[in-house]
Amino acid sequence: MRATPGATALALPVTIYERTAEPSAIRIVELRGQITPVSGGVEIVQFVRFQNDDDRIFSTDTELASGLFAYVELPLPRGVQPLRIDDDVDRLVARAEPPALIDTIPVLPGAEHVVRIAYFLPLASEVSVAQPVAYPFEGRVEIFIHPNIITLTGGGFAPLVGGGIPASTGAYAAELRLGAGESIVFGLAGMPGTVVTPAVIPAEQLALTIAAIVGGAGLMVAGGWLAWRSRRSRKAEMIDSLIEQIAALDDAHKAGAIEPEVYQARRDQLKARLAAALRAQGTPGERG
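In short, a report on the structure. This structure is a prediction, so every number in the text was calculated from the model and none was measured.

Focus on the nonpolar core
Judged by nonpolar contacts, the single largest core of 39 residues is most densely connected at I35, F50, L152, F157, I184, F186 and L188. Breaking this core down by element, the ones donating at least two residues are β2 (26–38), β3 (41–52), β12 (113–122), β14 (137–145), β17 (170–178) and β18 (183–189). Residues within four places of F50 in sequence aside, it is in contact with I26, R27, I28, V72, L74, A111, H113, V115 and Y135.

Spelled out as structure tokens, the structure:
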């Protein structure tokens, strides 16, 4: 964006979307994960890719906290312990019952929407995993195990061979077609490692084998581990999304499509979230 010297106004291009809360508007198109044996079980880190097939922004009115709303829901298997990923501490909110992680960034039409989740699964020698999906899923699941001391079975998964996968890493894949409410199911067998489970997983502890999920964009490899960074910060994406939501709300109000009381209450909520996001990014003042 360029500013003209001497100009007294700045034009900001804003795309205005209508909103939908219909779960059928989005679907899961890919899931890739890494399983790491640790003391007493395994840590599972997953990248889940969503696609918004609608021409409207996907969001809900479910308020998790003051000014914090729920968007995408990622159910977890029973009996697991959610883990925080340091880059996404402010993005995901854990729900106890039914267990799930809730994404607080809306899903824009036609835009890639990838969510990282992580959890600890107790494992003594053998366990069956059933991870529900809240939205239709038609696509590929790839799971990598490093080091390769745990075996994955069932669920339509088959071992992956070749393709540059090192012998120290187990790799499995399945093509799945699931409806909302169904589960990704697989078994794990073997003895876990002796590493103490951390409360926060650094972004650097994501294996190189997951690199393909983001097509090589924003990747930095060091010491055989993957340091994943998006091209734009999550906070910047949140700010842009909130600005667009306020603009869309203003447009609906001017068109008489929303009651004044509802408009004002919703606008106050969005502006409060925008102010909080700007403060978190260190940007002075408010926009809009």
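Here the narrative resumes.
What about the sheet that holds β3?
Taken in spatial order, the 7 strands make up an open sheet running β8-β12-β3-β2-β14-β17-β16, and their pairing is mixed. Edge positions in the sheet fall to β8 (81–82) and β16 (158–159), since each has one partner strand and no second.

Let's talk about the packing of aromatic side chains
As enumerated under the stated definition, the model contains 3 aromatic pairs in all. Ring centres 6.0 Å apart and planes at 80 degrees place the aromatic pair F157 and F186 in the edge-to-face group. Linking F157 in the loop between β15 (151–153) and β16 with F186 in strand β18, this pair joins segments that are 29 residues apart in sequence. Taken individually, F157 and F186 each receive the classification buried, so the pair is uniform in this respect. A connected cluster of aromatic rings, assembled from ring pairs, spans F50, F58 and Y135.

Thoughts on the environment of V115
Along the chain, V115 falls in strand β12. Put simply, V115 and R49 are 66 residues apart on the chain and 6.6 Å apart in space, counted from C-alpha to C-alpha. Setting aside anything within four residues of it in sequence, one finds V115 in contact with Q46, F47, V48, F50, L74, R91, L92 and D103.

What counts and what doesn't
- Residues numbered from 1 in each chain as written.
- Predicted model: local features only at pLDDT ≥ 70, side-chain atom pairs only at ≥ 80, totals over all residues.
- Heavy atoms only, no water.
- Core = buried A, V, L, I, M, F, W, Y, C linked by side-chain atoms within 4.5 Å.
- Buried < 20%, exposed > 50% of the residue type's maximum accessible area, 1.4 Å probe, protein only.
- Helix = DSSP H or I, 4+ residues; strand = E, 2+ residues; numbered from the N terminus.
- Contact = heavy atoms within 4.5 Å.
- Pairing = 2+ DSSP bridges.
- Phe/Tyr/Trp six-rings, centres within 6.5 Å; stacked < 30°, edge-to-face > 60°.

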